[in-house]
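Understanding the architecture of this molecule
Take a look at the letters that make up each chain.
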Amino acid sequence: MVILRKFISVIDWLSEWTGRAVSWVAVAIMLTMTFEVTTRYVFNNPTAWSYDTTIMMGGVLFLLSTAYVMLVRGNVRVDIFYARFSLRKQALVDLIFTVLYLFGAMYIFTVQGWERAFWSYSVKEISQFGYWEPTMVPFRFFIAFGFSLLSLQTISWSTKNLYLAITNKNIV
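Residues numbered from 1 in each chain as written. Predicted model: local features only at pLDDT ≥ 70, side-chain atom pairs only at ≥ 80, totals over all residues. Heavy atoms only, no water.

1. Here's the deal with the overall build of the chain
The condition is simple: Each helix corresponds to a stretch of at least 4 residues labelled H or I by DSSP, and each strand to a stretch of at least 2 residues labelled E; elements are numbered beginning at the N terminus. In this treatment the radius of gyration is a C-alpha quantity, and the globule benchmark scales as 2.2 Å times the residue count to the 0.38 power. Using a 1.4 Å probe on the protein chains alone, a residue whose accessible area is under 20% of its type maximum counts as buried, one over 50% counts as exposed, and one in between counts as partly exposed. Contacts are assigned to residue pairs that have any heavy atoms within 4.5 Å of one another. The accessible surface values rely on the Shrake-Rupley method and a 1.4 Å probe; as for residues, cover is taken only from the protein chains in view.
In terms of helices and strands, the chain carries six helices and zero strands. A compact globule built from 172 residues would reach a C-alpha radius of gyration of about 16 Å, whereas the chain, at 20 Å, exceeds it by more than 25%. Referenced to the eigenvectors of the C-alpha coordinate spread, the extents of the chain come out at roughly 65 × 35 × 30 Å. Counting only residues that meet the buried cut, the chain has 38% of its 172 residues in that class. Taking as baseline every contact in the chain between residues at least 6 positions apart, the subset at least 24 positions apart corresponds to 72%. In the form shown here, the chain has an accessible surface area of approximately 11,200 Å², with 71% of it arising from carbon and sulfur atoms.

So this is what it looks like as structure tokens:
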């Protein structure tokens, strides 16, 4: 049980640390967009790189923060019935829906994410959307890492819910 608690704690720590660290990407997005608007409308000299960069940073922000959102239970849910359940029933409902829907999706997205990241690296993939054509390799690896982290957090969350559903106690 000690090993399981340590495993859950490490995953939760990693999700929290990554979520807090990646929140600074929002500041980078703001600064990039401010720079672009200023250069475009004040100096009439738009950049070639800001659009692609902002899209990629937004994707990184979204994907690397999903595990943190799951950790703090910040996801959207309909609480019409759920809020009236005991903690044990809530854990059971969470566990059932996680097993039915999330495990399969996380497996597919994680495996496909890593396959696409290594493919992107092997062909030196570039963006086809802007005329700047930046490399897509780092972005693809961030996607794979984000899904991997969310998969780990899903395992942690499910383990906590299973323990709570069985024992009516929190594991951590």
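Structure shown, so let's carry the discussion forward.
2. Some thoughts on unusual backbone geometry
Unusually for a residue other than glycine, Asn44 sits at a positive phi of about 50 degrees. Structurally, Asn44 can be placed in the loop between helix H2 (24-42) and helix H3 (50-71). Since its relative accessible area comes to 67%, Asn44 is described here as exposed. Look at Glu133: it is not a glycine, yet its phi comes out positive at around 55 degrees. Mapped onto the fold, Glu133 is located in the loop between helix H5 (87-123) and helix H6 (137-167).

3. Remarks on the pattern of salt bridges
To keep it simple, the criterion reads: A side-chain nitrogen of Lys or Arg and a carboxyl oxygen of Asp or Glu constitute a salt bridge if their distance falls within 4 Å.
According to the stated counting rule, one finds six salt bridges in the structure shown. Put simply, Arg20 and Glu16 hold a salt bridge, and the shortest N to O gap is 3.0 Å. Of this pair, Arg20 and Glu16 both sit in helix H1 (residues 2-22), four residues apart, which is roughly one turn of the helix. Among the ionic pairs, Glu36 bridges to Arg40, the shortest N-O distance being 2.7 Å.

4. Comments concerning the packing of H3 against H6
Note the following rule: To get an axis, a line is fitted to the C-alpha atoms, and for a helix only the part in contact is used. The angle between two axes follows their N-to-C directions and goes from 0 to 180 degrees. For classification purposes, angles smaller than 35 degrees are called roughly parallel, those larger than 145 roughly antiparallel, those between 65 and 115 roughly perpendicular, and all remaining angles oblique. Polar here means any residue outside two lists: the nonpolar Ala, Val, Leu, Ile, Met, Phe, Trp, Tyr, Cys and Pro, and the charged Asp, Glu, Lys and Arg; Gly therefore counts as polar.
Here H3 crosses H6 at 10 degrees, and the two axes come no closer than 8 Å. By the angle between their axes, H3 is roughly parallel relative to H6. Only Phe139, Phe142, Ile143, Phe145, Gly146, Phe147, Leu149, Leu150, Gln153, Thr154, Trp157 and Lys160 of H6 make contact with H3, whose side of the interface consists of Met56, Gly59, Val60, Leu63, Leu64, Thr66, Ala67, Met70 and Leu71. For the contact of H3 with H6, the class distribution of residues is 15 nonpolar, five polar and one charged.

5. Some details on the layout of surface pockets
Stated precisely, the cut-off is as follows: Think of a 1 Å grid over the protein atoms and nothing else: a 1.4 Å probe that fits but is trapped marks a cavity, an open set flanked by protein within 12 Å on at least five of seven lines marks a pocket, and residues with an atom within 4 Å of a point count as lining. Grid points are joined across faces, edges and corners, and a volume is the space filled by probe spheres set on the points.
Quantified by volume, the largest pocket comes out at close to 210 Å³. As for the largest pocket, its lining consists of Asn75, Val76, Arg77, Val78, Tyr82, Val93, Asp94, Phe97 and Trp157. It is H5 that contributes the most residues to the lining of the largest pocket, three residues altogether. In terms of residue class, the lining of the largest pocket is made up of six nonpolar, one polar and two charged. The space that makes up the second largest pocket amounts to roughly 180 Å³. Taken together, Arg73, Tyr82, Leu87, Gln90, Ala91, Asp94, Lys160, Asn161, Leu164, Asn170, Ile171 and Val172 form the lining of the second largest pocket. When grouped by side-chain class, the residues that make up the lining of the second largest pocket number six nonpolar, three polar and three charged.

6. Regarding the packing of H5 against H6
Definition in use: Crossings are assigned a handedness: left-handed for a near helix turned anticlockwise from the far helix by less than a right angle, right-handed for a clockwise turn.
Interhelical geometry of H5 versus H6 gives an angle of 160 degrees and a closest axis separation of 8 Å. Classified by the angle their axes make, H5 and H6 are roughly antiparallel. Note that H5 runs across H6; the crossing there is left-handed.

7. Remarks on the nonpolar core
Going by this rule: We define the nonpolar core as a collection of buried residues of types Ala, Val, Leu, Ile, Met, Phe, Trp, Tyr and Cys that are connected through side-chain atoms lying within 4.5 Å of one another.
Counting 16 residues, the largest nonpolar core has Val22, Val25, Val60, Phe139, Ile143 and Phe147 as its most contacted members. The set of elements that each furnish at least two residues to this core consists of H2, H3 and H6. Looking at this core, the element that brings in the most residues is H3, giving six residues.

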